[in-house]
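What the coordinates show
Residue-level listing of the chains:
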Amino acid sequence: MELTTQTFLTDFEGALKANYAKTLETASNFENYMALATVVRDYYSRIWIDDNDYKDKTKKKQVYYFSIEFMPGRMLKSNLLNLGILSTVRAALSEANIDLDSLSENEQDMAIGNGGLGRLASCFMDSLASTGLPGNGNGIRYRYGLFKQKIIDGYQVELPDAWLNNGNPWEVRRTDKAVEVKFGGNVWMKEVGNGKLKVQHENQETILAVPYDTAMVGYENTTVNNMCLWRAELPQDTPAHLTLDYMSDVEMLSSVLYPDDSNEAGRLLRLKQEYFFVSAGLQRIIAHYKKSTGDEHLVHIAEHIAVHINDTHPALCVPEFMRLLVDENDMSWEAAWQTTVKVMSYTNHTIMVEAMETWPEAMVEKLLPRNYQIILEIDRRFTEEYIPKVGPSLVHNTRIVKDGIINMAHLSIIGSHSTNGVAKLHSDLLKDVVLHDFYVIFPERFNNKTNGIAERRWVQIANEDLSALIDAKIGKTWRHDLNELSVLKAYQDDEDTLERLDAVKLEDKKRLSALIKERNGITVNPEAIFDVQIKRLHAYKRQVLNLLHILKLYYDLKENPTLDVVPRVFIFGAKAAPSYHYAKAVIKAINEVANMINNDATIADKLKVVFLENYNVSLAEVIIPAANVGEQISLASKEASGTSNMKLMLNGALTMATLDGANIEIKDVVGDENIFIFGLDKDEVYAYYNNGGYNAREIYESNPTLKKILDSLKTIPNMENEGQEIFDSLITYNDEYFVLRDFDDYVRAQKELETLYRDKRAWNKASLLNIANAGKFSSDRTVREYAEHIWHVEEKGK
């Protein structure tokens, strides 16, 4: 949009006066932030049309992306950038002696996500709008998110993340779009005339689902899509005698992301949450579709609506859509099933079977009796249809309901027309191993869509200095088409470019160093290698492997204090699920190793370890630009894709990687000389599986270096119990994720990394080539592939 500094300041002062009766001179920093958000929201509201229709009312086919989590980060700068007014607003505020970055610090990260799944969903929301695709999010408005992580005495402590305490200026409450979601009760069939049966319900619990809409603003275009987040409330006609306990139970539905599922109550709450946002979202979609098309019988809904199931949490979309079509709209089962399969599509995000959701039949039957009946009927018809086609063995392996368990991945695959993985290796493993029987039955449904990232967030906002350098060298077309970064390859031997790139990285590292000093009280050397591992804490991601290598470096320095090493700062950011005891033990171990090393005066600046608490999007925006190295060290065949690898690469970090997930595709584009590869590949991992694994104790007893490190885990101060637990996971329980098997090769690759870093010019060249080859990993590319091959939706203007 076109905007002058004077026009903006007039609007800004008007908002301050209207909202707070304040002026530029008297308003607080927070009031300035809220007034600025009000102005920005007014700007994009001019093109944000009710329920996502375009102004020309063309009623294009739209996609609705159902995800249990999103992770947008702060919205202020993103909206300013996408509206094309970031520099204008920054300059205008500067004229008024107001710093935009300082204002932005008042905004809390939206606590509606946890990790890669939620961040990918938010990258997709950004890219859908920025490519002009009609795509909308559907999720839950969590009051307290997952949790706010505090590190106390080295331990993770979970506190409520009260991100809404000061309000959220970006959301709009839509009471007029509220719907009722019903749970439990009794279901039976009643004849209503002419032999026709109608489903009847009694004694149901009714909860009001109220949507809060947040605009998803496209980059320098006129597209504004919607992210709908649902809040659970009591219906207005709730009997007055209901207790406060019941009101609290209702509020819990939209209070916490991923309730503790180590007990029955927590599992039931999770299932209830999943149905809550699925039913509410589908009801709103159907109501809007009827209103905008006049198709009261939903005959053509599959031509206008696509619903995407992001992992198995929204798998209930399949039976709930069937319920709405058959029970609420009198569609025949056969027509409803054809429509459902056409509308639904599913992304699988995991290779580990144990991570694919299942629910006890009895729990589903009690909480969702009608959906349970529909699931049984889907399973019965699938069995009846496919046993003659593929035989009983394949059908038995792929049934939805078996041995008292409902498998949500099976439900999602059978009930949709597309199942995709998120990296080539991941998709191949789904077809060849994890979901092979489904691939035999439905080969046409399986496809790959390699993940991507929203470069606007991860370089244009997070790394403005790098963005300016790229602009200076190749112009600004890359801001609309990330593939244009390939032009940077022409500068790989240009001394000015390499020196300026090094200077930008150093400033980013100084910024992170200041944050580390402020938050952790640790002084780090910005000239050191900043080696970063930022991801959810899980055994398969192998933070322990990183920790063992750190201990090796430490013990090497203790034995030889004059050892010539390149100084290193190892930086961790990770949350562990509250009930995941082992992951929390690893966090404790990282922090105690950090205390031991950072307080050892003989080590000085040669080695530092930092754990930054409460890792989120805003913290990532400081860490990622400063990273020299990104650790992507999961056991090959375990990580579906990963996206932190892409964000780090885009910001010039080199990747330390196994041949897992999207690391393989990064290696393919950057070349072997610009990435550090180590460890077993997936064929070698499966060879071990097929031959009974390997003997971790033999490695421990035959490798003096490893033995010393592992034995020390039990004696490092303040972590004796945690150290024993980690030791036992590797030796007593035979190292499930092959940490010891990959250790020596990891050390070898780390030495190669150090050698390259000593050659500053060669390192900067490799850094530049990582940036230049990052174009493939734009989420703009990813959503266009979904749009063309799965959803069949078109960009605005086509």
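Residues numbered from 1 in each chain as written. Predicted model: local features only at pLDDT ≥ 70, side-chain atom pairs only at ≥ 80, totals over all residues. Heavy atoms only, no water.

1. Re unusual backbone geometry
Located in the positive-phi region is Ala-21, a residue other than glycine, with phi close to 55°. Among the structural elements, Ala-21 can be located in the loop between helix H1 (5-20) and helix H2 (29-45). A positive phi is found at Asp-330, a non-glycine position, where the angle reads about 55°. Take Asp-330: it is sitting in the loop between helix H9 (317-328) and helix H10 (333-343). Of the residues examined, Asp-330 reaches a relative accessible area of 47% and is grouped as partly exposed. (Helix = DSSP H or I, 4+ residues; strand = E, 2+ residues; numbered from the N terminus. Buried < 20%, exposed > 50% of the residue type's maximum accessible area, 1.4 Å probe, protein only.)

2. Section: the nonpolar core
With 146 residues, the main nonpolar core has Phe-8, Leu-36, Phe-276 and Trp-791 as its most contacted residues. Considering every element that reaches this core, the biggest residue donor is helix H8 (residues 264-293), with 11 residues. Not counting the four nearest positions on each side in its chain, Phe-276 is found in contact with Val-181, Phe-183, Ile-207, Leu-208, Ala-209, Trp-230, Arg-231, Ala-232 and Leu-253. Listed in part, the 71 residues of the second largest apolar core include Ala-576, Val-609, Ala-636 and Phe-727. (Core = buried A, V, L, I, M, F, W, Y, C linked by side-chain atoms within 4.5 Å. Contact = heavy atoms within 4.5 Å.)

3. A few points about the sheet that holds strand S15 (residues 405-407)
Strand order in the open sheet made by the three strands is S13-S15-S14, with antiparallel pairing throughout. Since the sheet does not close on itself, it has two edges, and those belong to strand S13 (358-360) and strand S14 (401-402), each with one partner. (Pairing = 2+ DSSP bridges.)

4. Let's talk about the environment of Tyr-386
With respect to the element layout, Tyr-386 can be found in helix H12 (residues 369-390). Setting aside residues up to four positions removed in sequence, Tyr-386 forms contacts with Gly-391, Val-395, Ile-441 and Phe-442.

5. Description of the sheet that holds strand S22 (residues 654-657)
Taken in spatial order, the six strands make up an open sheet running S20-S19-S18-S21-S22-S23, and their pairing is parallel. Edge positions in the sheet fall to strand S20 (607-611) and strand S23 (676-677), since each of these pairs with one other strand and no more. Pairing of S22 with S23 involves two bridges; the strand directions are parallel. For Met-656, the partnering residue across the bridge sits in S23 and is Phe-676. Set on the sheet, helix H21 (residues 581-598) makes contact with strand S19 (568-573) and S20; between it and S20 the angle comes to about 145°. (Axes fitted to C-alpha atoms, helices over the stretch in contact; angles between N-to-C directions.)

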